[in-house]
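Residue-level structure breakdown
Residues per chain are reported as follows:
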Amino acid sequence: MKSWYFDHASTTPVDPRVAARMSECLTMDGHFGNPASTTHGFGWLASEDVEWARETVASTIGADPRDVVFTSGATESNNLAIRGAFAALAAETGRTRVITLATEHKAVLDTCAHLPPEADVVVLQPTSDGLVDWDALSTALTDNTLLVSVMLVNNETGVVQDVARIAALARSRGALVHSDLAQAIGKCPVNVTTLDLDLASLSAHKTYGPKGVGALYVRRSPEVQVAEQQHGGQHERGMRSGTLPTHQIVGMAEAYRLASLEAEQDAIRMAAYRQQVLECCAELGGIKVNGRHCVPHIVNVTVDGIDAEPLMAAMPEIAVSTGSACNSATLEPSHVLQSMGLSRQEGLSSIRISFGRMTTDEAIASLVACLRRAVNGLRETRS
Ligand SMILES: *Cc1c(COP(=O)(O)O)cnc(C)c1O
């Protein structure tokens, strides 16, 4: 049986062009050296690769290359941004409030939950569309606020927040702004300067790069202080120690370079695919699309009266996800959907379909056919 992949929001395959560049940084005949080795050409070549990657990643997001700190992924970047900024600045500025949104990724929510006890963490509820509630944000934003963290593109619903407006509000109170951009690169235009961000988290594997590498954008002008969260060789301006993985970093940069070249074309194709899926859902009836103002490649739907588990089991050739976390035996509905006001049952009846660069017309035709067959089949057995 042929399997079709519609879970690009959880990870993407590495683009073959990216894999080719990565393999040039691994073996004896390639640039395998330690980029921190300054005493020989092996190190210099690797260092040149890393600096090319830094410039490439920076230019993709409208940053200065010196603002880019390489990490192991967006989870680490979120930790470094939030914990690092709090450790460096809370005592010094007397600001202890950290504001975030209930629809954020767990790497932001759990990091906030584990800040030191003096942190005054405010988790705002979104509107039923998954967007920032402006009144709630204005009320929460006191002069005591150190940091506001809101992602640009939501990984479960595809909802795009008006991060520039959030930043302007935060700025008016002297607060710093962090945004998790893991899902945004290659999906919508991203410019940290226009968005006026201080900190931004990036990941390679959501954008056809390898898993295990990402970056944190740390604004240098005006300079944002971030305390290191692990000790070692003082790499990356002292913010993130550890030998730089040249192949991973070059892979990330090549993936971002391709994303900036191909994003517009990809978006047009994704929008057409989205349209086909939405038309199929409308025709089936009893299906609600979650979120408003979404990127084209993520479609999150609640299928009235049908649980996601049997629905997915009824279309085994289609790989989608629920966005729910399997906590041992109990299936918990997505915290994102619940915070948008969906009931527990609605949460458990929701699936996320996400397309990618390698998705074909044939794959979409199969998806639509399977969805029709599965939903109609399950409805018949119920009635
Ligand atoms: C995938 C993802 C992360 C985690 O990124 P890793 O690089 O896998 O650590 C964080 N935030 C968002 C929004 C994501 O989609």
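Residues numbered from 1 in each chain as written. Predicted model: local features only at pLDDT ≥ 70, side-chain atom pairs only at ≥ 80, totals over all residues. Heavy atoms only, no water.

**Focus: the layout of surface pockets**
Of the pockets and cavities examined, the second largest pocket occupies roughly 250 Å³. Along its surface, the second largest pocket is lined by Thr 60, Ile 185, Gly 186, Lys 187, Cys 188, Pro 189, Val 190, Ala 259, Ser 260, Ala 263, Glu 264 and Ala 267. Sort the elements by how many residues they give to the lining of the second largest pocket and helix α8 (residues 246-284) lands first, with 5 residues. Taken together, the residues of the lining of the second largest pocket sort by class into 7 nonpolar, 3 polar and 2 charged. Split by domain, the lining of the second largest pocket shows at least three residues from each of two domains, domain 1 (4-11 + 262-382) and domain 2 (16-257). (1 Å grid on protein atoms, 1.4 Å probe; cavity = no way out; pocket = protein on both sides within 12 Å on 5 of 7 lines; lining within 4 Å. Points joined across faces, edges and corners; volume = space filled by probe spheres on them. Helix = DSSP H or I, 4+ residues; strand = E, 2+ residues; numbered from the N terminus. Nonpolar A, V, L, I, M, F, W, Y, C, P; charged D, E, K, R; others polar. Domains from an automatic or database assignment.)

**A look at the side chain of His 178**
Within the secondary structure, His 178 is located in strand β6 (residues 176-180). A relative accessible area of 0% means that His 178 is categorised as buried. One polar contact links His 178 to Ser 149, side chain to side chain, over a distance of 2.8 Å. Those residues in contact with His 178, other than ones at most four positions away along the chain, are Asn 78, Ala 81, Ile 82, Val 108, Leu 147, Val 148, Ser 149, Val 150, Leu 199, Ala 200 and Ser 201. (Buried < 20%, exposed > 50% of the residue type's maximum accessible area, 1.4 Å probe, protein only. Polar contact = N/O pair within 3.5 Å; in protein donor to acceptor, adjacent residues only side chain to side chain. Contact = heavy atoms within 4.5 Å.)

**As for the pairing of strand β3 (residues 97-101)**
The side chains of a regular strand alternate, first on one face of the sheet and then on the other. Counting buried positions along β3 gives 5 out of 5 residues, so the element sits mostly inside the fold. Side chains Arg 97, Ile 99 and Leu 101 project from β3 onto one buried face, and the interleaved Val 98 and Thr 100 project onto a second face that is buried too. Pairing analysis gives 5 bridges linking β3 to strand β4 (residues 120-124), with the strands arranged parallel. Across the sheet, Thr 100 pairs through a bridge with Val 123, a residue of β4. Bridge count between β3 and strand β5 (residues 145-149): 4 bridges; the pairing is parallel. Among the inter-strand pairings, Ile 99 is bridged to a residue of β5, identified as Val 148. (Pairing = 2+ DSSP bridges.)

**Looking at the sheet that holds β6**
The 7 strands lie next to each other as β2-β8-β7-β6-β5-β3-β4, forming an open sheet whose pairing is mixed. The open sheet is flanked by β2 (68-71) and β4, the only strands paired with a single partner. Pairs of neighbouring strands in the sheet enclose a mean axial angle of 20 degrees, with direction left out of account. Packed on one face of the sheet, helix α3 (residues 74-93) meets β2, β3, β5, β6, β7 (199-203) and β8 (214-218) and runs near 165 degrees to β7. Lying on the sheet, helix α4 (residues 106-113) is in contact with β3, β4, β5 and β6; it crosses β3 at an angle near 150 degrees. (Axes fitted to C-alpha atoms, helices over the stretch in contact; angles between N-to-C directions.)

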